[in-house]
Structures are given as C-alpha cells and as structure tokens.
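Results of the structural survey
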Amino acid sequence: MLEESLTIGTDEDSQVTAIISHVVRPGREQGYEEWFHGIAADARKFKGHLGVSTIRPPDHAHPEYVVILKFDRYDNLKTWLESDVRREWIERLQPLIEKPESIQTLTGLETWFSLPNKSLKAPPPKYKMAIVTWLGVFVTLAIVSRLLTPILSSLPILLNQLITTGLVVALLTYLIMPRLTQLFKHWLYPKP
C-alpha cells in the first residue's frame, strides 16, 4: 500500500499532505492515542515537517482515526514515511489496529476534490480537476466581482483585488468546490 500511494502527486518542491487512516480495534483507543502522541513527537523532528493532526471517530461503532500529516516537500515526506523510526512505530501499532493503514498523498488541488463520507482514493486526473476548478473560479469570480464592484470601486485597485480574490478563495474552498465535486462525482471518479 505504501509504495502505491507514494506515486500520487510527486511535485518535488510543493507542500504535500499525507492522509493516513487507521481502523482501531475496539477497546484499544487509549493505546492508540498514546501511540499517536509518540509517533507525532518523532515526526516533528524530521526535516520539512509542517504539522500533524488527527480526526477522531465520532462514535465507537466505527473507530477509524484519520491522521493528517504535512511536509514542505514530497522528498521530506517520503524520508519520514520510509524511515526506520516510523517503521518501528508502525510495528508497535499492529496490535492496536484491525487492518493495515491506508495512506494517500495530496500535493495541491486534490484537497478540493474529496467526497464526504467516502473512503480516501486517488485524486481525479489533473485535466478533470483543472476543468472543474476553472468552472468554479469563473462562476464565483463573475458573481463576486459583480456584487462587490459597487462597494469596492472607491478602493485602490490592489486592495480591491486582494479582497475580491480572498473572498473567492474562501468561497471556493468551503462552499463551491465541495458542491461542484459532488455534482461532477461520476465524471471525476468513474466506476471501473
């Protein structure tokens, strides 16, 4: 699983995020929490580490923890993922989990193309992400510009653009792209 997942998005000089899923055995949650704090502390010592967090399961019926790990570049992430230090931590993890971990790496726009309540999978082809992103940016920018022009027209052009693009990015990230991804899910993620 590790070898396959590391081939996704290998832009060497861009920030990269690894999303790691662990299904914890019932009753082993406390042990997992202790394990997570230990491995997170060691990961912080590696070059390029930008942060780690976890999403805990909402209920104990499906105890899946999702770890979000950020590095400044792919090579540094790969060094951590393939390190002896991490390998030792993963050996300690085995009695706590029900199945092998799942790892997905994301380097850019892929983060806009995740489907809610779906297992993590490889991102869509870049040309499909570019088309849906272009559509989202075009529509959002057209509407926001039209609405803000009367309000921002008296401001200096750079400040006007700063406010407009900031609002567009926020709308794309939290509102538009999740809906466009859902709308185009069958085209973005065709069933094999």
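See the structure above.
Residues numbered from 1 in each chain as written. Predicted model: local features only at pLDDT ≥ 70, side-chain atom pairs only at ≥ 80, totals over all residues. Heavy atoms only, no water.

**As for the environment of Gln30**
Considering the arrangement of structural elements, one finds Gln30 in helix H2 (residues 29-43). For the pair formed by Gln30 and Leu96, sequence separation is 66 residues and the distance between their alpha carbons is 9.6 Å. (Helix = DSSP H or I, 4+ residues; strand = E, 2+ residues; numbered from the N terminus.)

**Looking at the pairing of strand S3 (residues 64-71)**
In this sheet, S3 lies alongside strand S1 (residues 16-23) in antiparallel orientation, the contact comprising eight bridges. Residue pairing for S3: Ile20 is matched across the bridge by Val67. Here strand S2 (residues 49-55) pairs with S3 via six bridges, running antiparallel. Counted as the bridge partner of Gly51 is Lys70 from S3. (Pairing = 2+ DSSP bridges.)

**Observations concerning the nonpolar core**
Tyr32, Trp35, Phe36, Leu69, Leu77, Trp80 and Leu93 are the most contacted members of the largest nonpolar core, which totals 24 residues. Every residue in contact with Phe36, bar those within four places of it in the chain, is listed here: Val52, Ser53, Thr54 and Val67. Within the second largest apolar cluster, ten residues are counted, among which are Val132, Val144, Val168 and Met177. (Core = buried A, V, L, I, M, F, W, Y, C linked by side-chain atoms within 4.5 Å. Buried < 20%, exposed > 50% of the residue type's maximum accessible area, 1.4 Å probe, protein only. Contact = heavy atoms within 4.5 Å.)

**Some details on the pattern of salt bridges**
Inspection of the entire model under this criterion finds five salt bridges. Across the pair Arg86 and Glu101 runs a salt bridge, and its minimum N-O distance is 2.8 Å. Of this pair, Arg86 sits in helix H4 (residues 84-93) while Glu101 sits in the loop between H4 and strand S4 (102-106), and the two are 15 residues apart along the sequence. Since its relative accessible area comes to 5%, Arg86 is described here as buried. Overall, Glu101 belongs to the buried group, its relative accessible area being 13%. (Salt bridge = Lys/Arg side-chain N within 4 Å of Asp/Glu carboxyl O.)

**As for helix H5 (residues 126-152)**
Residue Arg146 marks the point of greatest curvature in H5, where the axis turns by about 30°; the proline Pro150 follows within four residues. All buried positions along H5 are accounted for by Lys128, Met129, Val132, Thr133, Gly136, Thr140, Val144, Leu148 and Leu152. Structurally, H5 contributes buried residues whose contacts are with helix H6 (157-183) and helix H7 (185-188). (Bend = angle between axes of the 7 residues up to and from the residue.)

**Description of the side chain of Glu33**
With respect to the helices, strands and loops of the structure, Glu33 is situated in helix H2. Not counting chain neighbours up to four residues away, the residues in contact with Glu33 comprise Arg56 and Tyr65.

**Considerations on the packing of H2 against H4**
Close contact between H2 and H4 brings their axes to 10 Å; oriented N to C, the two are set at 180°. The angle between H2 and H4 places the two elements in the roughly antiparallel class. Contacts between H2 and H4 involve Tyr32, Trp35, Gly38, Ile39 and Asp42 from the first element and Val85, Arg86, Trp89, Ile90, Arg92 and Leu93 from the second. When its residues are assigned to classes, the contact of H2 with H4 shows seven nonpolar, one polar and three charged. (Axes fitted to C-alpha atoms, helices over the stretch in contact; angles between N-to-C directions. Parallel < 35°, antiparallel > 145°, perpendicular 65-115°, else oblique. Nonpolar A, V, L, I, M, F, W, Y, C, P; charged D, E, K, R; others polar.)

Any functional reading would require information that these geometric values do not contain.
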